[in-house]
Amino acid sequence: MPILTRRNLLKASAVTGAYGVGLGIAGKFAGNAAAAAEPRVMKTAKIEANLADGGATKNVLTYGEAGMPPVLRMKKGEAFAARLINGIDDPTTIHWHGIRLPNNMDGVPFLTQPYVYTGDHFDYAFTPPDAGTFWYHPHCNTLEQMGHGMTGVIVVENPKDPVFDSEVVLNLRDWRLGGDGQFIAQFRPRDAAKSGTYGTVRTANWQQQPQYDAPSGSLVRLRIAITDVTRIYSFRMDGAEATVIAIDGNPVPQRFPLDVLQLGPGQRLELAVRMPDNEGAIVKLEDIKGTDPKVLATLRAVGSSLKRDVRDLAPLEDNPVKKVDLGSATRIPLALSATAENTADNSICGSLGYSFWAINKVPWPGDTPDPTAPLADLKLGKSYIIDMENLTPHSHPIHLHGMSFTVVSSSSRQVQPFVSDTYLIQPDEKVQLAFVADNPGDWLLHCHIIEHQKTGMTSYVRVA
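Residues numbered from 1 in each chain as written. Predicted model: local features only at pLDDT ≥ 70, side-chain atom pairs only at ≥ 80, totals over all residues. Heavy atoms only, no water.

Undergrad: Looking at this structure, I do not really get the environment of Arg-300. What am I missing?
TA: One can find Arg-300 in strand S20 (residues 294-302). Look at Arg-300 and you get partly exposed, because its relative accessible area is 32%. With near-sequence residues (within four places) excluded, Arg-300 lies in contact with Gln-211, Tyr-212, Asp-213, Ala-214, Met-275, Gly-280, Ala-281 and Ile-282. Looking at Arg-300, its side chain comes within polar contact range of the side chain of Asp-213, at 2.9 Å. (Helix = DSSP H or I, 4+ residues; strand = E, 2+ residues; numbered from the N terminus. Buried < 20%, exposed > 50% of the residue type's maximum accessible area, 1.4 Å probe, protein only. Contact = heavy atoms within 4.5 Å. Polar contact = N/O pair within 3.5 Å; in protein donor to acceptor, adjacent residues only side chain to side chain.)

Shown next as structure tokens:
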């Protein structure tokens, strides 16, 4: 269920896996501490689902036997394990987006693990240190597999979190469906060379404009994950006071009211929503990007007012991300650009057959055992600053695997120094992202507009 009260939230937490915190660099990210956890079975499947008015959509992909991939609930400080069983025709993996885990658990073919072929399985076990909202998806044939449904939300709970009256989790994504409710071509080359190919049906939790009840006058923790392959959102809340408490799984340094906040694919948002006092009042979460505002989901106030006050809400505990030494940090130049190179096989696990995008003027050259030299060789434990510049006329949500960075400054806007794993860089923007290279291995860095990723805007860094 995407909505939980305090009582069933605790019940749900007791029967799912979790995370743990170890000691030192090796202990913090080591997978062996999770070995005792009972594995959660994650079997991929092809199903039919009611996504649009045209009838049941065939060839929908998911984890489980029916419906949307489950919301995985875990606990900070406890182990988590999962067994991926591949029941679909294509090879696949699971990437645990935003979670700082051991490199061999990161789910990237050719960098961290082999394919999981049809009928095979792979065991994931890790003890990451962070609480927050994350998500999971394949990193193999991603445009097809993600576009057909294989995206799910992860909630990592912290027992020290403040008490909310209820919680709503929203998985936001598009579907490329025709008038008969069946899948159409997942992308168009002319759109892949621009902002990406948008879906035709928009959903929250695989429903169009779902509604959830919450107590009148209560505080709702609204967790939002953008699992779409293309769409950038400009969020607005109508009918209630909404306070931003976390972005991309990490508490914001200073809470602020949600006026309009723009986030891209791969990013997550947590809001404290103060429900209206009047029973029956409707609260709308809207996307106002573009000329046609879209209601994504609604909340309905029910019962007598609880008269809660968001100012009484205790702050979220910071995640244990290492502080950067800006004075000694080494700079890493990173330019996002278009490319004229024709590299047909230029993606991780499956190609779209085109090259449109590049990092530092180099499009990802293709899937080989040693595809290319890393963007940078980083020394374990040292501080770095990525000097990222967007030379294109389009926005790009850039995601770094395995580590979290702090947004230091931007050339185009005032930014809070928030901790994240995905940054939506605007056209012509220059931004500084600082991090400590505290997780050894080869870590992917790419645009999370999947058509951009799969047509060249991909690289990796090596930490050793």
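Undergrad: How do you make sense of the sheet that holds strand S23 (residues 376-378) when you look at a structure like this?
TA: Paired through their backbone hydrogen bonds, the strands of a sheet run either parallel or antiparallel. Strand order across the open sheet formed by five strands is S23-S31-S30-S25-S28, with mixed pairing between neighbours. Edge positions in the sheet fall to S23 and strand S28 (422-425), since each has one partner strand and no second. Neighbour-to-neighbour, the strand axes of this sheet turn through a mean angle of 20°, independent of strand direction. Looking at chain direction, strand S25 (residues 396-400) and strand S30 (residues 441-447) are connected through three bridges and run antiparallel. (Pairing = 2+ DSSP bridges. Axes fitted to C-alpha atoms, helices over the stretch in contact; angles between N-to-C directions.)

Undergrad: Honestly, unusual backbone geometry in this entry has me stumped. Any pointers?
TA: With the exception of glycine, most residues fall at negative phi, and the peptide bonds are largely trans. In this model, Asn-141 sits at a positive phi of 45°, which is unusual for a non-glycine residue. With respect to the helices and strands, the residue Asn-141 is situated in the loop between strand S8 (132-137) and helix H3 (142-147). Positioned with a positive phi, Gln-209 is a non-glycine residue whose angle comes to about 55°. Topologically, Gln-209 is positioned in the loop between strand S11 (201-204) and strand S12 (211-215).

Undergrad: In this structure, what is going on with the sheet that holds strand S5 (residues 80-85)? I would like to understand it.
TA: Strand order in the open sheet made by the four strands is S3-S2-S5-S7, with mixed pairing throughout. Unpaired on one side and paired on the other, strand S3 (55-63) and strand S7 (121-126) mark the two borders of the sheet. Adjacent strand axes in the sheet meet at a mean angle of 30°, parallel and antiparallel pairs treated alike. Pairing of S5 with S7, which is carried by six bridges, proceeds in the antiparallel orientation. From the neighbouring strand, Ile-85 faces S7, where its bridge partner is His-121.

Undergrad: What am I meant to see in the pattern of salt bridges here?
TA: Two side chains carrying opposite charge are able to pair once their charged atoms lie near each other. Taken as a whole, this structure holds 27 salt bridges when the rule is applied. For the salt bridge of Arg-221 with Asp-161, the shortest nitrogen-to-oxygen distance reads 3.0 Å. Placement of the pair is Arg-221 in strand S13 (residues 219-226) and Asp-161 in the loop between strand S9 (152-157) and strand S10 (166-175), with a sequence separation of 60 residues. Owing to a relative accessible area of 17%, Asp-161 belongs among the buried residues under this scheme. (Salt bridge = Lys/Arg side-chain N within 4 Å of Asp/Glu carboxyl O.)

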